[in-house]
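The primary structure of each chain is shown beneath.
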Amino acid sequence: MTKERQSDDLGRMSFTGHLKELRERLVVSVAAIVVCFAITYYYAVEVYMILSEPLLPALPEDQRFLAFTGVVEPFFTYLKAAFVAAIIMASPVLLFEAWAFVAPGLYRGERKWFAPVVVASFLLFILGVYFGYKVVFPIGFKYLLSFAGPELKPVLSMGAYFSLATKLLIAFGIVFQLPLVILVLARLGIVDAPMLIGWWRYALLLSIVVGAVLTPPDVFSQLLMGGPIMILYGLGIIIAMLFGKKKPGVPEDEEEEEEDDPWSIKKKTDDGES
């Protein structure tokens, strides 16, 4: 049987029609963010306090507060915190709208895997954010603030802390995509487990570089970022062993199953197939 598109009407849709549908999807997505923002802004202070929770215990007991150096800094900081929370709250709607827009243009096998990959990517991102918030932040902030002393007191800006915290959390969320990226590459046949094992030195160097770029300029913070990268790289090697593309010469029954493999680079055309 030939691979068919979900909708022949979509295949004949004009460029203007695609733009119209994209506009409708964007309108729904923006509306979802606005509705969620109306809710999160009401709790903006609570949202920011949750974000600052790992930092405050690391401060000296008589200095467990955050300062601001500009009149409008608290307002804009709470505004940004509410906006980030609104995007997280609206993410199910955003993911659905993205799926609804691209799904009709995918092959049946591609649709079978696209949604799980998107959901897995979102869950890995949340897991990375949780890891950074619960594990790295308390340890890292305690170490960095341990340099304070009688003549060196920390006076931390709430705006600067928000920028640092969100940057690090997003970085951890992106880094935790590594096993999924390796899975996709392994299914496409671009990489395999022996190749990844042979590249471990380059992976170690890359993890050090990424840790240096994405974390504060100290060795301890870089290790807190680079260590998980290497663990995730090792997990990716195991995933490549288990789910990587079959080598040439696999049994015929497995080759037949590969016809529906959405990761296969070689796509069959409709000419001469039934």
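It should be emphasised that the depicted structure is a prediction, and the values quoted were computed from it without experimental measurement. (Residues numbered from 1 in each chain as written. Predicted model: local features only at pLDDT ≥ 70, side-chain atom pairs only at ≥ 80, totals over all residues. Heavy atoms only, no water.)

Colleague: Help me out: how do you make sense of the overall build of the chain in this one?
Modeller: A count of helical and extended segments in the chain gives eleven helices and zero strands. Counting contacts in the chain only where the partners sit at least 6 residues apart, residues at least 24 apart contribute 82% of the total. Here the chain displays about 17200 Å² of accessible surface, and carbon together with sulfur accounts for 70% of that area. (Helix = DSSP H or I, 4+ residues; strand = E, 2+ residues; numbered from the N terminus. Contact = heavy atoms within 4.5 Å. Areas by Shrake-Rupley, 256 points an atom, 1.4 Å probe, with all protein chains shown as cover.)

Colleague: Looking at this model, I keep getting lost on the nonpolar core. Mind explaining?
Modeller: For soluble globular proteins, nonpolar side chains are generally found buried alongside one another. Grouped together as the largest cluster of nonpolar side chains are 17 residues, with contacts concentrated most on L51, F137, F141 and Y161. Here this core takes six residues from helix α6 (residues 158-175), the largest share from any one element. The contacts of L51, once residues within four sequence positions are left out, are Y133, Y161, F162, A165, T166 and L169. (Core = buried A, V, L, I, M, F, W, Y, C linked by side-chain atoms within 4.5 Å. Buried < 20%, exposed > 50% of the residue type's maximum accessible area, 1.4 Å probe, protein only.)

Colleague: Quick question: what am I supposed to make of helix α7 (residues 178-187) here?
Modeller: Because the α-helix completes a turn every 3.6 residues, residues three or four places apart line up on one side. Listed as buried for α7 are P179, L180, I182, A186 and R187. Each buried residue of α7 lies within a common arc of 160 degrees when the element is viewed along its axis, so the set occupies one face. Once α7 ends, the next one or two residues include G189, with phi positive near 80 degrees. (Arc of directions from axis to C-beta.)

Colleague: Teacher, can you tell me more about the packing of helix α3 (residues 44-52) against helix α4 (residues 73-102) here?
Modeller: Two packed helices can be described by the angle between their axes and the distance between those axes. Two elements in contact, α3 and α4, have axes separated by 9 Å at closest approach and are oriented at 85 degrees. Here α4 runs roughly perpendicular to α3, going by the angle between their axes. Along the contact surface, α3 presents A44, V45, V47 and Y48, while α4 presents T77, Y78, A81, A82 and A85. (Axes fitted to C-alpha atoms, helices over the stretch in contact; angles between N-to-C directions. Parallel < 35°, antiparallel > 145°, perpendicular 65-115°, else oblique.)

Colleague: Teacher, can you tell me more about helix α5 (residues 108-144) here?
Modeller: Here α5 contains 37 residues, and its C-alpha end-to-end distance of 51 Å stays within 8% of the 54 Å for a straight helix at 1.5 Å per residue. Approximately 45 degrees is the largest bend angle found in α5, and it occurs at V136, with the proline P138 only one to four residues beyond. Turning to α5, its buried residues number three or more, namely G109, R111, L124, G128, G132, Y133, V136, F137, G140 and F141. (Expected span 1.5 Å × (residues − 1). Bend = angle between axes of the 7 residues up to and from the residue.)

Colleague: I keep staring at the environment of I87 and nothing clicks. Help me out?
Modeller: The topology assignment puts I87 in helix α4. Looking at I87, the relative accessible area reads 32%, which means it is partly exposed. In this structure, the C-alpha to C-alpha distance between I87 and A32, residues 55 residues apart in sequence, is 8.7 Å.

Colleague: Explain a nonpolar patch on the surface here, please?
Modeller: On the surface, a nonpolar cluster with roughly 600 Å² of combined accessible area is contributed by I197, L235, I238, M241, L242 and F243. Top element by residues in the nonpolar patch is helix α10 (residues 219-243). It accounts for five residues. Along the chain, M241 falls in helix α10. (Patch = residues over 30% accessible without salt bridge, like charges linked within 9 Å, V, L, I, M, F, W, Y side chains within 5 Å. Salt bridge = Lys/Arg side-chain N within 4 Å of Asp/Glu carboxyl O.)

Colleague: Before we go on, may I ask you to explain the packing of aromatic side chains in this structure?
Modeller: Geometrically, a pair of aromatic rings is defined through the distance of the ring centres and the angle of the planes. Per the counting criterion, the structure on display carries eight aromatic pairs. Between Y48 and Y78, the ring centres sit 5.8 Å apart and the planes meet at 85 degrees, which makes this aromatic pair edge-to-face. Taken together, the residues span a long stretch of sequence, with Y48 in helix α3 and Y78 in helix α4 at a distance of 30 residues. Y78 sits in the partly exposed class, given a relative accessible area of 24%. (Phe/Tyr/Trp six-rings, centres within 6.5 Å; stacked < 30°, edge-to-face > 60°.)

Colleague: What's the story with the confidence of the model for the chain in this structure? I'm lost.
Modeller: Chain-level pLDDT for the chain is 79 on average; 81% of the residues reach the 70-or-more range. Note that pLDDT drops below 50 for residues 263-274; the model gives that stretch 17 contacts with residues more than four away or on any other chain. (pLDDT = per-residue confidence, 0-100.)

Colleague: What is the right way to read the pattern of salt bridges from this model?
Modeller: Oppositely charged side chains can form a pair if their charged atoms are brought close together. With the rule as written, the count across this model stands at two salt bridges. Across the salt bridge formed by E21 and R25, the nearest N and O atoms sit 3.6 Å from each other. Residue E21 and its partner R25 are located together in helix α2 (residues 15-42), separated by four residues, close to a single helical turn. Among the residues examined, E21 registers a relative accessible area of 14% and is labelled buried.

Colleague: Looking at this structure, I do not really get the environment of L66. What am I missing?
Modeller: Along the polypeptide, L66 turns up in the loop between α3 and α4. Sequence separation of L66 and A160 is 94 residues, and the distance between their C-alpha atoms is 9.9 Å. The contacts of L66, once residues within four sequence positions are left out, are Y48, S52, L55, L156, M158 and Y161.

Colleague: Please explain the packing of α3 against α6 as it appears in this structure.
Modeller: Two elements in contact, α3 and α6, have axes whose closest approach is 10 Å; the angle formed by their N-to-C orientations is 65 degrees. With respect to α6, the axis of α3 lies roughly perpendicular. α6 is crossed by α3, and the crossing has left-handed handedness. Taken together, the residues of α6 that come into contact with α3 (itself represented by Y48, L51 and S52) are M158, Y161, F162, A165, T166 and L169. Grouping the constituent residues of the contact of α3 with α6 by class yields seven nonpolar, two polar and no charged. (Left-handed = near helix turned anticlockwise from the far one by under 90°. Nonpolar A, V, L, I, M, F, W, Y, C, P; charged D, E, K, R; others polar.)

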